[in-house]
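# Coordinate analysis (summary)
Residue-level listing of the chains:
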Amino acid sequence: MGFKLVLNVLYTMGVALCFIVAYKMLTTHNYPVMAGAIIVGVVVIFMKLRLLKEVKDTQDASQNKKGKGTK
């Protein structure tokens, strides 16, 4: 679980970095690099959402195991 926490933090930093780069490239009129940064940022967001869904499913499964034993 600790690895997933670190991975989530890295994904968050990656998204922030991509959009900072995209903004800087917009102000310098370097549109191909800006487009690349936005595409990479969107891919990282999808990876982050997938990780969050996986963590949620893992937590739900562990809650269901605990709940079945107490009934």
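Summary of the structure given here.

Secondary structure summary: the protein contains 2 helices and 0 strands in total. At 18 Å, the protein has a C-alpha radius of gyration far larger than the 11 Å of a compact globule built from 71 residues. Across its three principal directions, the C-alpha atoms of the protein cover 65 × 15 × 15 Å. Here the protein, with 71 residues, has 18% of them falling under the buried criterion. Accessible area for the protein stands at about 5,600 Å²; split by element, carbon and sulfur atoms hold 72% of it.

Attention shifts here to the nonpolar core. Where a protein is soluble and globular, its nonpolar side chains tend to be buried together. The biggest cluster of nonpolar side chains holds 5 residues, and these are Tyr 11, Val 15, Val 44, Leu 51 and Val 55. Counting residues per element, the ones that place at least two in this core are helix H1 (2–27) and helix H2 (31–70). Among the elements that line this core, the one with the most residues is H2, at 3 residues. Leaving out residues up to four positions away in the same chain, Leu 51 has contacts with Lys 4, Leu 7, Asn 8 and Tyr 11.

Structurally, Lys 48 can be placed in helix H2. No salt bridge is formed by the buried Lys 48; the nearest opposite charge belongs to Glu 54, separated by 13 Å. At 2.6 Å, the side chain of Lys 48 and the side chain of Thr 12 are in polar contact. Those residues in contact with Lys 48 that lie beyond four places of it in its chain are Asn 8, Tyr 11 and Thr 12.

Right, let's talk about the pattern of salt bridges for a bit. Throughout the structure, instances matching the rule amount to 1 salt bridge. Of the charged contacts in the structure, one is a salt bridge between Glu 54 and Lys 4, with a shortest N-O distance of 2.8 Å. Placement of the pair is Glu 54 in helix H2 and Lys 4 in helix H1, with a sequence separation of 50 residues. Glu 54 sits in the partly exposed class, given a relative accessible area of 40%.

Despite not being glycine, His 29 has its phi angle at roughly 60 degrees, a positive value. Positionally, His 29 belongs in the loop between H1 and H2. Judged by its relative accessible area of 57%, His 29 falls in the exposed class.

Here is what the cut-offs are and how they apply
- Residues numbered from 1 in each chain as written.
- Predicted model: local features only at pLDDT ≥ 70, side-chain atom pairs only at ≥ 80, totals over all residues.
- Heavy atoms only, no water.
- Helix = DSSP H or I, 4+ residues; strand = E, 2+ residues; numbered from the N terminus.
- Rg over C-alpha atoms; globule rule 2.2 N^0.38 Å.
- Buried < 20%, exposed > 50% of the residue type's maximum accessible area, 1.4 Å probe, protein only.
- Areas by Shrake-Rupley, 256 points an atom, 1.4 Å probe, with all protein chains shown as cover.
- Core = buried A, V, L, I, M, F, W, Y, C linked by side-chain atoms within 4.5 Å.
- Contact = heavy atoms within 4.5 Å.
- Lys, Arg positive; Asp, Glu negative; His and termini not counted.
- Salt bridge = Lys/Arg side-chain N within 4 Å of Asp/Glu carboxyl O.
- Polar contact = N/O pair within 3.5 Å; in protein donor to acceptor, adjacent residues only side chain to side chain.

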